[in-house]
There are 2 protein chains.
Amino acid sequence: MTPSLFHFALSPACRLLRLVLAEKGVGFRLEPVRFWERPEAFLRLNPAGTVPVLKISEQAAALSETRALIEYLEEAFPEPNLIGPDAETRVEVRRLTGWFVDKFEQEVSGPLLRERVLRGLMRDGSPDAAAIRAARWNIQVHLDYIGHLAMRRRWLGGDRFSVADLAAGAYLSVPDYFGDVPWDRNAHARDWYSRIKSRPSFRPLLQDRIGGYPPPAHYADLDF
Amino acid sequence: MTPSLFHFALSPACRLLRLVLAEKGVGFRLEPVRFWERPEAFLRLNPAGTVPVLKISEQAAALSETRALIEYLEEAFPEPNLIGPDAETRVEVRRLTGWFVDKFEQEVSGPLLRERVLRGLMRDGSPDAAAIRAARWNIQVHLDYIGHLAMRRRWLGGDRFSVADLAAGAYLSVPDYFGDVPWDRNAHARDWYSRIKSRPSFRPLLQDRIGGYPPPAHYADLDF
C-alpha cells in the first residue's frame, strides 16, 4: 500500500512534497499528470486542477493543496520533525514556507515555468519575454533574502533544518533548471543551496528531465 | 498584555485573523496600517509588507503570514479546535482555507479590493473595469462551490464548524462590502453565509466602514 503522488516533474510544489516524503522516509509512487490539460479524471481528484495530489492508499480520499499536505504529513509522520520544536520557530518556518509557496511562486517560479515550458506544452503562443525578464529581476531580491537568512542562521528557519529549507530548495530548483538563478550574486545563498542539493532527498529531483528542455550543465552538479 | 493585530479593515486576511482570535476568545487590540504605503517601521515588522501582523506582547517578535498565524493560534489557544479532530478533516479544512486565502484572493477579493479601494488610496489611476468584470465573473464559480459544499455538509469542512467557514466568510465579506456577491444565484451559499454572519465573532466586521466607500444596505443585515 504505497502512497501515490500525482505530480508534474517541474512543478516546485510537487518537488516540495517529494522532498518532505523522502525526508520522512515515506516510500511513494510518482504518477505524472498533464494537469494543464485539465483531465476530467484528475479534476475529480482535485477540483482546483492543481498538482500535487496525494493518495495514501488505493481506497483513501485524494488529498490536495500544498500546505495542507505538508501539515498532513507532519502530523501523520512526525519524525523527523520538519516544522520545529517551539511556537516561535514553528511560526517562522511556516511563514518562510508560505513565502516560497506563495510569494516566490507568484513572482518567480510561476511565470518562469509558464513562459519557459507550459506555454509550449499547451501550444499557447510564444514565451512572453517581458514576463521572463520580470521574473529574473524578482529572483535577485529573493536570493538576497535567502543569503541574508543563511548568513544569520544555520538553516533558513533557525538552528534546525526544516521544511522552510525544503520549500526554498524546491522552489529555487525550477529556475535553476532553466539557468535563471544568478548564483554569483550571493555566496551565502549559494553555499546554503549546495548543502540542500547534497541531501539524498534532493537526488531524484536532479535527475528529472523534461523532453525538449534540457537543464544547464551545473544543474545536477553538487559543486556548482 | 493584550496582543496587537496590525491590520487593514477591508483586508480579508486580517478579517480572517480577527475571526479566529474572536472565536478563540482571545482579546486583542487593532492597529490600523496603511500597508500600501510600505511604511519603513512596518517593513521592519514584516519584510513582505503584508497585513496581518500579530504581536502577542510588546516584547514579542512580530508574527506574520496568514496561514502561519492561523496554525500558531490553533497551537497556542487549542480551544475551541478550529482545524478538526482527525487527519481527514484537518487536511480538508486546510485545503479549503488555502482555497480562499490563495485562490479566491487571486481570482476575486484581491482584484476587487485593488480596483475598488486601494487604487484610490494610492492615487494610482482609475479602476480597471475589465479586472472588476473578471472578478465578478469568477465569484460565481466560488459561490456555486460554497453552495455545493453547504448542501452536502453541515459546515464547509464537514460536520464541525471550522476555520474553513471563517476563511470563506472573511474572504466573501469583502466583495459583499462592495455589493459584488450575486446572492440570488445560490440559496445554499446564502443560507450558509447568513449563519456565519450571525456569529458574535462576525459583528465587528459588519461595523467596519472605510471613508468614501459605504457598503450597500444589505451588508450588515443578518436577514439579507
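Residues numbered from 1 in each chain as written. Chains lettered and ligands numbered in written order. Predicted model: local features only at pLDDT ≥ 70, side-chain atom pairs only at ≥ 80, totals over all residues. Heavy atoms only, no water.

A. Representation of the layout of surface pockets within the structure. When its volume is computed, the second largest pocket comes out at roughly 400 Å³. Contributing to the lining of the second largest pocket are 21 residues, with Glu92(A), Arg95(A), Tyr145(A), Arg153(A) and Ala62(B) lying nearest its centre. A total of five residues in the lining of the second largest pocket trace back to one element, the largest contributor, which is helix 4 (residues 87–121) of chain A. Partitioning the lining of the second largest pocket into residue classes produces nine nonpolar, six polar and six charged. (1 Å grid on protein atoms, 1.4 Å probe; cavity = no way out; pocket = protein on both sides within 12 Å on 5 of 7 lines; lining within 4 Å. Points joined across faces, edges and corners; volume = space filled by probe spheres on them. Helix = DSSP H or I, 4+ residues; strand = E, 2+ residues; numbered from the N terminus. Nonpolar A, V, L, I, M, F, W, Y, C, P; charged D, E, K, R; others polar.)

B. The arrangement of the pairing of strand 2 (residues 29–32) of chain A in detail. Residues and elements named next belong to chain A. Taken together, the four bridges between strand 1 (residues 4–7) and strand 2 define a ladder with parallel strand orientation. Bridge pairing in strand 2 places Phe-6 opposite Glu-31. A crossover links strand 1 with its parallel partner strand 2, the connecting element being helix 1 (residues 12–23), and its sense is right-handed. (Pairing = 2+ DSSP bridges. Right-handed = clockwise from strand over helix to strand, strands pointing away.)

C. Looking closely at the confidence of the model for chain A. With 100% of its residues at a pLDDT of 70 or more, chain A has an overall mean of 96. Overall fold confidence for the complex sits at a pTM of 0.96, while the interface term, ipTM, reaches 0.94. (pLDDT = per-residue confidence, 0-100.)

D. Molecular detail of empty space enclosed by the protein. For the coordinates displayed, the defined rule picks out three cavities of 30 Å³ or more. Roughly 110 Å³ of volume is contained in the largest cavity. Around the largest cavity sit Arg67(A), Ala68(A), Ile70(A), Glu71(A), Ile83(A), Arg94(A), Thr97(A), Val163(A), Arg67(B), Ala68(B), Glu71(B) and Arg94(B), which together line it. Counting only elements with at least two residues in the lining of the largest cavity, the list comes to helix 3 (66–76) and helix 4 of chain A together with helix 3 (66–76) of chain B. By residue class, the composition of the lining of the largest cavity is five nonpolar, one polar and six charged. Taken as a whole, the second largest cavity encloses approximately 60 Å³ of empty space. When residues of the lining of the second largest cavity are traced back to their parent elements, those giving at least two are helix 3 and helix 4 (87–121) of chain B. A total of three residues in the lining of the second largest cavity trace back to one element, the largest contributor, which is helix 3 of chain B. A domain-level breakdown of the lining of the second largest cavity finds at least three residues from each of domain 1 (4–76) and domain 2 (87–207) of chain B. (Domains from an automatic or database assignment.)

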